[in-house]
Each structure stands twice: as structure tokens, then as C-alpha cells.
Amino acid sequence: MSTGRVGRLVLALVLATAGLALTAGPARAHTSLVASSPATGERLAYSPDEIVLTFATAVDPRTVTAELRSADGDVVAVQPLSGEAGETTVVAFGVPRLPHAVYGLAWQSIGDDGHRVLGEVLFGVGTEVGGTTSVAGGATLTARTLDTAGLALRIAWYVALALLAGAAAVGHAGLAGRITRRRIGGLLLASAVVALGRGGVALAVLLEAGAGDLAWTSRGTVGFAAVGVLLGLLAIGSTRTGARTTGRIPTTPALVALVVAVVGGTLAGHALSREDPLLAVTFGILHLGAAAAWTGPLLVMLLVAGTPAWRALDREERTLQLRASLRRMVPVAGWSLAVVGATGLLLAARAWSGMEGGVLVALVLKAVIVVGVAVPLGLWHHRTREGWADVPRTARVEALGLVVALVLGAVLVGWDPGWGQGTGGLDPAVAAVLDGTADDPTVCRDLEVGRGACYRSTLSTILATQGPQAAIDAAVAAQAVDGYVAENCHQVVHDIGNDAAEQIEDMADALSVDGSACWSGYFHGFIEARLAEIDDDALSGQLPTFCDGAADPRYSFTHYNCLHGLGHGLMLRVDADLFEALPLCRDLEEFWLVRSCASGAFMENVMAAQQGLTTPGVPADDLRYPCTEVDDDLAEDCWMMQTSMIIWRLGGDIPGAFEWCDSVEGLNRTACYRSMGRDISSIAALDPDGVIERCSMGSADAAHWCIEGAASNAVYETSARESADALCAAVQPDWTGPCEATRDQALATVALG
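Bear in mind that the values here come from a model prediction, so they are computed numbers and not experimental data. (Residues numbered from 1 in each chain as written. Predicted model: local features only at pLDDT ≥ 70, side-chain atom pairs only at ≥ 80, totals over all residues. Heavy atoms only, no water.)

### Structural notes on helix 21 (residues 578–586)
Now for step 1: If you check which residues of helix 21 are buried, you get L578, A581, L582, L584 and C585. When helix 21 is viewed along its axis, its buried side chains cluster within an angular range of 160 degrees and face the same direction.
Now for step 2: Of the surrounding elements, those touching the buried residues of helix 21 are helix 19 (536–542), helix 20 (557–573), helix 22 (591–610) and helix 23 (632–649). (Buried < 20%, exposed > 50% of the residue type's maximum accessible area, 1.4 Å probe, protein only. Helix = DSSP H or I, 4+ residues; strand = E, 2+ residues; numbered from the N terminus. Arc of directions from axis to C-beta. Contact = heavy atoms within 4.5 Å.)

Put into C-alpha cells, the structure is as follows:
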């Protein structure tokens with residue numbers, strides 16, 4: 001066969017393979033999960049309406065499946081919300097209302113080449129994830145069997161490529177007599193079978209995952225099937241033409257097959273799914289082809305040298321054939337080493353930032369084998385090759401190192417980023433904290449994942465060993481040095497209250513501490529958890545006396561906080577339906593008790609919205625709701641909380657929030673401005689200048705009400721007068737009196753205990 005005909009044949013086969021692979025369907029990459037809502041380790045107060053997965057690269061939502069299980073093993077049906085064709089990085093699943101429990105969402109994404117990536121998102125509804133490391137478990141036995149078969153075939157594919165390269169490199173040299181026509185044909189046929197097997201596994205993986213409409217047209221299925229057919233045709237052609245050939249063995253079919261296999265296999269794989277497919281395909285072809293050209297000739301030489309026919313030759317004949325083969329192999333190995341090194345470094349550098357522990361270990365191990373074993377031995381063999389009469393043992397070591405590097409390369413190409421997340425994805429440092437013995441909250445500050453769970457665990461340990469006051473004080477200390485606690489202080493101490501309800505039996509003892517920090521989150525959490533212990537049938541009868549243990553003295557701050565926490569708890573009992581919770585507060589009969597309970601329900605209504613819980617029928621364009629719909633006697637209490645909702649919905653627009661306050665009249669407007677003062681005080685971190693600047697953004701005739709709300713918040717937030725004193729001293733003279741009066745009223749309330 002002439003050189004021109006060989007070139008045309010190679011070009012035709014490559015273009016045919018590329019065309020089949022490129023037209024097989026849209027490209028989908030091996031991806032990984034970069035974010036989820038809820039996040040792994042997160043504790044939700046309410047059941048989410050949906051679970052959202054965000055991937056590193058675009059996926060077809062039809063190839064993403066999920067299974068939701070509770071920690072008890074119960075399967076919860078989820079509904080795909082983005083099942084249309086087309087690529088996206090965000091895939092969502094609708095979920096029904098979930099009871100309080102720990103849940104695991106096992107997800108998997110199937111690439112267009114049949115590659116599977118999976119992981120698990122762990123979260124709690126009404127409870128902490130705690131030390132749970134897995135709920136859903138991962139892929140099925142069938143799925144993992146297919147994945148294992150895919151890995152085995154990928155390794156076999158790389159070895160076949162190396163053997164094709166070896167046959168092509170040494171076939172025209174002195175070892176040609178040992179590389180028979182039948183062996184070349186058998187090698188081509190074996191390569192065809194492996195390619196067809198890879199296409200079959202890609203098809204089976206997609207079918208098993210339920211992506212039947214994509215399975216038959218995926219690049220993995222069509223691309224490797226096409227490569228397999230082309231290699232089979234080459235195998236048939238080489239044996240037929242070889243029968244009419246004399247003299248040297250024609251190894252052109254092996255060279256053509258190598259080009260088809262490397263180019264076609266790269267196009268059928270996931271290189272086209274990268275953000276820069278042209279560069280990825282080029283690098284993939286160069287790296288894989290060079291690795292095969294380096295490993296294959298040495299491997300073929302060793303295989304030939306191990307045959308009885310070779311050992312039957314005399315020493316001089318073996319030496320001549322080895323030298324002839326080595327003269328052909330050495331330049332191939334040298335250029336291959338250069339290409340493998342350059343492309344390997346560039347590929348690793350481009351992917352370095354996204355590498356996880358397992359893939360990094362495999363990559364480093366591969367580099368150590370190549371740099372520490374194969375390269376030094378290859379250089380030694382190059383210097384000593386003229387004296388070879390037999391293949392030395394060191395050549396076998398070099399070949400073994402290169403084969404191991406090929407195997408590691410196959411593992412790296414198919415690495416599943418989700419394997420490291422398959423048991424929950426919690427940071428190891430978090431897992432160490434969650435064993436329930438750590439009592440130092442400072443270890444939580446540097447955690448990127450699971451910081452909330454870490455604080456929950458360490459503060460719970462302090463609660464058990466030193467009491468609730470020590471846990472609250474530790475949370476307050478953390479608030480001063482950790483922005484996470486500062487932003488979520490109410491929730492952090494709220495969790496302490498939840499845990500105290502389990503550890504402290506007597507309600508009076510539990511509520512006798514100074515729990516006013518962070519808007520009394522401790523009291524609210526305690527009452528919420530204690531209320532959850534009452535059966536639905538007994539709830540109405542126990543509500544009127546529920547807070548009697550905290551009513552000494554009556555109408556004290558502790559008494560209020562118990563009732564306020566009761567409102568929070570009732571909202572949780574009715575899945576955040578405000579208009580079911582308020583009638584339960586009415587069961588308390590005395591209006592002060594009813595209002596105190598309602599204030600907690602109104603606050604929880606805001607918190608529920610901020611956590612993503614949606615209620616059908618809520619108007620999206622009227623930020624006065626629900627205060628416009630509640631009974632008139634509770635409207636003022638509603639407005640005392642509603643500005644937190646307004647500011648949140650407006651994205652922090654303070655002047656815009658004041659405009660909503662100005663849209664109502666009478667006591668409701670007053671309450672709205674006072675509520676703005678409370679929110680502004682927290683936003684400004686109690687800084688007087690920041691409070692005054694923001695309160696001045698409202699109407700001039702109502703700004704003093706904003707200052708009053710800020711003054712009372714300064715007292716309730718710190719259980720002290722210093723911050724309120726600083727504010728009242730900084731305001732304009734006509735605001736000083738209202739500021740001080742409100743401050744003194746709040747101090748008197750706190751002094752009651």
C-alpha cells in the first residue's frame with residue numbers, strides 16, 4: 001500500500017469516526033455538584049418545596065436522577081421540575097411536605113459518554129444532621145456493576161492502544177518475523193471488541209438511569225460502536241491482504257487502527273463536553289497517542305522476547321534483532337516522552353483548582369511512577385542498549401511502570417467527583433466535631449462547610465456540661481468574633497434552646513437564665529421544642545397554662561419570651577400557616593398573652609418566608625400582607641414585625657421600606673416606623689450614627705418613632721443600657737425625650753426578669 005493511499009485511508013476513517021461522534025447528540029461533561037439548596041449539613045425549620053442542584057458544567061436534566069430517603073429508610077417521591085431537553089447547570093426536584101427528620105438526596109448524573117457521577121445531599125428538617133454520614137447510600141448494585149465494567153473496558157482500551165502502537169513501531173524492524181499477520185489481525189479484532197464493549201456499557205448505563213430517549217443516540221454509544229466497526233473492518237482487510245504479501249509484515253493496518261482508535265475514542269469520550277472542546281480534543285489525542293507510542297513498543301518487544309521461538313535463537317541473532325528494533329523505538333519513545341510530559345502538565349494545571357483528594361492522589365501517584373521509575377529507566381536503557389543481547393529485567397520494570405501509569409490514567413479519566421460526597425460530603429473537621437464531645441466553639445470559625453452544625457454541636461456540649469447560661473455566653477462571645485454567628489445569632493441561640501428542652505425538665509429552671517441575647521432566641525427555641533412534645537389532641541387544652549412556669553413575675557420579660565416562643569412553636573406545628581396559628585394564640589384568652597403569642601407567630605412568618613417557604617395565594621406585589629388581613633386588634637403587632645419582611649423583599653432598600661410604612665395610617669404607621677428602628681438598629685450593628693442616618697431616610701414627622709424602636713432594640717439586644725444611652729445622646733434634641741422614655745421602658749421590662 002503506497003504512502004498516499006495510507007494517508008487517504010487514515011484521513012477518511014478519522015473523518016468518518018469524527019462525523020459519527022459529533023452527530024451523536026449534545027455534549028455533556030463529567031461534572032460535579034458545586035452547590036445545593038438545601039446545602040449538605042443544613043438544618044431547615046420547614047420542609048422545602050424543592051431541592052435544587054447546581055452543577056459545575058451543563059448537564060441534560062433528563063440524565064439527572066435522584067432518590068430521597070429519610071434516616072429511617074423511608075423513600076420519599078420527588079418530582080423532576082426541569083425535565084425538558086436542553087443543557088443547564090441547575091436541576092430541581094419538587095418534594096412533598098416532609099416530617100421532621102434527617103434526609104439524604106442521592107443524585108446521579110449520566111454523561112453522554114455513559115460516565116456516571118453521583119453524590120448525596122444531607123439535610124435536616126426540624127432537626128440537625130448531626131453525625132449522620134449517609135442516608136441514601138449511593139448507586140444500585142446494577143449501576144456499580146456497570147461502572148466497574150466500564151472501568152475494566154477503559155483499561156483494556158488503553159492497553160489495546162499501546163499494543164497497536166507497539167506493533168506499528170517495531171513491525172518493520174528486526175522483530176517483524178515475530179509479529180505475524182494473524183497476531184496483527186487478532187489485535188485489531190480484540191481492539192474492535194473492546195470498543196464495541198465500551199459503546200455497549202455507555203448504552204446500558206443510560207438505559208439503567210432511565211434516559212432511554214438519549215441512550216441510542218449518545219456519543220458514547222454511537223461513537224465507540226463506529227470505532228469498533230471500523231477496527232473490525234481493518235482486522236478483516238489486514239488478514240485478507242496479508243495472505244498475498246511476502247517479505248516484511250505489513251503493519252500499516254496497525255498504524256491506521258491506532259489513529260482511528262485514538263482520535264475516534266477521544267471524540268466519543270467526554271473531551272467534546274469541555275468548555276473549550278477543540279483544545280480538550282487536541283490535548284486528549286496528543287496525550288493518549290504519545291502515551292501509547294511510548295508504552296507499546298517496549299511492551300511488544302517484551303512479549304516477543306518471551307516466546308519460545310525467540311529463546312531458540314542464538315545470541316548473535318537476538319542481539320541483531322534487538323538493536324534493529326531499538327533503533328526504531330528510541331526516537332519514538334523520546335518524542336512520546338516529550339509530548340506526554342508537556343500535555344500532562346498542561347492538562348493537570350488547567351484542572352488543578354477543581355481537583356479533590358482522591359483524584360489528586362491518583363494523579364500524584366501516576367506522576368511519581370512516570371518521573372521516578374519509567375523516565376530514569378528509559379534513559380538508562382537508551383545509554384546501554386547497544387550492549388543488549390537479551391531484554392534486561394529493568395526493561396520489564398519500565399514496562400510494568402508504564403502499564404500501571406496507563407491504568408491510573410484510565411481511572412483518572414473516569415473519576416467520579418461524587419465518590420467523595422457519596423457519604424454525605426461533610427467536612428472531616430465537622431465530622432470530628434459532631435461526635436458530641438467538642439466544647440470549643442472557636443474550632444468552628446474556619447470551617448467552610450458545616451459551620452452551623454459545628455456550633456450546634458459544641459454549644460450543646462457546653463449546655464450539657466456547664467448549663468444553659470454558659471452556652472448562651474459562649475454564643476455571645478462567638479458573635480463578637482465570627483461574622484456567621486453575628487448574622488445568625490438568633491438561630492444559634494435558638495438551637496441552644498431546642499437542645500435545652502431535651503436536657504432540662506423543669507421549665508422554670510430553663511427560663512431562669514439571662515436568655516435575652518440575640519432577641520431571646522434561647523427562650524424561643526426552648527418553647528418551640530417543648531411545645532412539639534404535646535399531642536395535637538391535647539394542645540388546645542394545655543395552651544392557656546403553658547407559660548405559667550415562666551409567669552413569676554407576671555408580664556415580665558421572661559413571661560413575654562415564653563409566650564413569644566409559643567407563637568414560634570405554634571407556627572411550626574401548623575407548617576407556617578399564620579392564619580391557623582393566630583386562632584391558637586387566641587386560646588390564651590387574656591389579650592396581653594394573646595398579643596405576646598401573636599408577636600412570635602408574626603416573627604416566624606417572616607423567618608419562614610426567608611427560608612424559602614411559600615404559601616399559595618400570598619400577593620407578591622403587596623408587601624403589607626398579611627398585616628392588611630389580620631384582625632384589627634392584632635394589626636399593630638403584625639406591623640411591629642413586618643418591616644423585616646419588607647426590607648428583605650426589597651433587597652435592603654431602606655427608603656423604599658419607609659414608603660411602605662407611609663402607605664398605612666394611624667397606629668399601624670407608628671408600629672411600622674418602630675419596627676424599622678428595630679431592623680435598622682441590627683443592620684447598623686447598634687452604631688448610633690448608622691441608626692440616625694438610616695432613620696432619617698423616612699418622613700421627618702415619623703423619624704422619632706424609628707429612633708424609639710432602635711433604642712428599645714439596643715436594650716433587648718444587649719440586656720444593658722450603654723448602646724441605648726449612646727444613641728439617645730447622639731440624636732437631635734427633639735428626639736432625645738422619646739428615645740430616653742423608650743429606653744427606660746425597655747430597661748424596666750428587662751429588670752423584671
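### Quick word on the packing of aromatic side chains
Now for step 1: For the structure shown, the criterion picks out six aromatic pairs.
Now for step 2: Aromatic pair F579 and Y625: ring centres 6.4 Å apart, planes at 50 degrees, arrangement tilted. Residue F579 is found in helix 21, and its partner Y625 is found in the loop between helix 22 and helix 23; the two are separated by 46 residues along the sequence.
Now for step 3: The class of F579 is partly exposed, set by a relative accessible area of 35%.
Now for step 4: Taken together, a centroid distance of 6.4 Å and an interplanar angle of 70 degrees make the contact between Y673 and W705 edge-to-face. With Y673 in helix 25 (residues 667–683) and W705 in helix 27 (residues 703–718), this residue pair connects regions lying 32 residues apart in the sequence.
Now for step 5: Accessibility expressed as a relative area gives 0% for Y673, which makes it buried.
Now for step 6: Clustering of aromatic rings is evident, with ring pairs tying together F658, Y673 and W705. (Phe/Tyr/Trp six-rings, centres within 6.5 Å; stacked < 30°, edge-to-face > 60°.)

### What to know about the pattern of salt bridges
Now for step 1: Within this structure, the stated rule accounts for 13 salt bridges.
Now for step 2: Between D701 and R669 there is a salt bridge; the shortest N-O distance is 3.2 Å. Separated by 32 residues along the polypeptide, D701 in the loop between helix 26 (688–695) and helix 27 and R669 in helix 25 bring together distant segments of the chain.
Now for step 3: Within the structure, one salt-bridge network assembled from shared partners comprises R721, D725, R743 and D744. (Salt bridge = Lys/Arg side-chain N within 4 Å of Asp/Glu carboxyl O.)

### Overview of the sheet that holds strand 2 (residues 42–44)
Now for step 1: The strand order across the open sheet built from five strands is 2-9-8-4-5, with neighbouring strands paired in mixed fashion. With partners counted over all chains shown, the strands left at the sheet margins are strand 2 and strand 5 (75–76), one partner each.
Now for step 2: Across three bridges, the pairing between strand 2 and strand 9 (residues 116–125) is parallel. By the bridge assignment, L44 is partnered in strand 9 with V125. (Pairing = 2+ DSSP bridges.)

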